[in-house]
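# Analysis of the macromolecular model
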Amino acid sequence: MNGEIRGRRSRAQRSVPSTLQSVSRVGLVLGGGGITGAAYETAALMALELATGWDPNEAEVIIGTSAGSYVAGLVRSGQLSLDVVAAAGEDRTAVTSKISSYVFKPNRASGVGRWVRYGLAPGLVRPGVRLILGSPGRYSAEGIAEWAEHQIGDMAQSWPDRPTLITSYGIKAKQRVVFGSVEAPDVPLRDAIAASSAVPLIFSPHAIGEELYVDGGVMSGTHADLILGNPAPLDLVLILAPMAADAEREGFNYDALFDRVGKAALDAEMALIGDRWPDTDVIVLRPEPEVLEEMRPNPMKAEAAVPTFIRTMTSMRTKLARAKMWSVLERHLEVPAQSGL
């Protein structure tokens, strides 16, 4: 699917303040990265708004994959705030318990027959990622849907009016599915997020209609090429890529393998954007080494959500202030009267 974007605009779109009239047209790409990836992206976007005054919900189009689909839901529903990380009175233990109680919902069905049909048998013919598609998971992706609904609110049962694309993979159709595009079925946002976040081996595929969906990250951690489905070139594409880190770390880190794969896919996607939209600026935000210390090696560790958020907020203060980074942000996003991280 090429991800041609539906022409939806917000019925409740806020008037744009005069200080924002010159702000560039921005596309926002939110990559996958598990629970810690969602914490990283939440903190990064909040830090960006504090530094520039730019509201991420003003993005012309948002593309979300896996954890990024959940953050896309937070942004489009206007729920991007400290409260979605930790509500008043909650400590780290309470936050961990809350996340775990929703996300890790035990799976009652085995799904072995499904795995043999859609993953194991095809995978034996053409070995690769297909081997794990449709595999039984310890947890049900319905728990992710319930978590999204709890955090996002009423919008979880509908779809954002502003262009929003959520990526997944249909194991029966054997292709990328982009919810929010003209080719994909209409589904509630909660189910699109669950479908996009159903990591094979951890979660069973999420069923919608007759199709079975797994994590969009099995094809790419970012799917930034979908931004080209926008009707006109954008001025800035902002990419958050928790699973495409390029920072050097000491010692052996097995999770670095996922970063290499994610970075290779993202590099190819950025090359496409550069070829089609040569005048568009592209910024990629990736976790710094000190942030990776909290995020890894297990990105699905609920206990690491709050530490990752805190470390990211601290790290972004330095990262956004770098001359090369700030010059681009200043050109496209900065509102002088409101800036200052």
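Each remark here, short or long, concerns the structure printed above.
Predicted, not measured: the structure shown is a model, and the values here were computed from it. (Residues numbered from 1 in each chain as written. Predicted model: local features only at pLDDT ≥ 70, side-chain atom pairs only at ≥ 80, totals over all residues. Heavy atoms only, no water.)

Moving on, we come to the packing of aromatic side chains. A full pass over the atoms with the stated rule returns six aromatic pairs. Taking 6.1 Å as the distance between ring centres and 50 degrees as the angle between the ring planes, the aromatic pair formed by Tyr139 and Phe203 counts as tilted. Residue Tyr139 is found in strand 4 (residues 139-140), and its partner Phe203 is found in the loop between helix 6 (189-197) and strand 7 (206-208); the two are separated by 64 residues along the sequence. Grouping residues by exposure puts Tyr139 and Phe203 together as buried. (Phe/Tyr/Trp six-rings, centres within 6.5 Å; stacked < 30°, edge-to-face > 60°. Helix = DSSP H or I, 4+ residues; strand = E, 2+ residues; numbered from the N terminus. Buried < 20%, exposed > 50% of the residue type's maximum accessible area, 1.4 Å probe, protein only.)

Turning our attention to the pattern of salt bridges. Counting across every chain of the model gives 17 salt bridges. With a shortest N-O distance of 3.9 Å, Glu58 and Arg162 are connected by a salt bridge. A residue pair is termed long-range when its members are at least 10 positions apart, and Glu58 in the loop between helix 1 (34-52) and strand 2 (61-65) and Arg162 in the loop between helix 5 (142-152) and strand 5 (164-170) qualify at 104 residues. Residue classification places Arg162 among the buried residues on the basis of a relative accessible area of 6%. A salt bridge links Glu288 to Lys319, with the shortest nitrogen-to-oxygen separation between them at 2.5 Å. Placement of Glu288 in the loop between strand 10 (281-285) and helix 8 (289-295) and of Lys319 in helix 9 (residues 305-321) is noted, with a sequence separation of 31 residues between them. Neither residue differs from the other here; Glu288 and Lys319 are each classed as buried. By sharing partners, the salt bridges in this structure join Glu142, Glu149, Arg190 and Asp191 into a single network. (Salt bridge = Lys/Arg side-chain N within 4 Å of Asp/Glu carboxyl O.)

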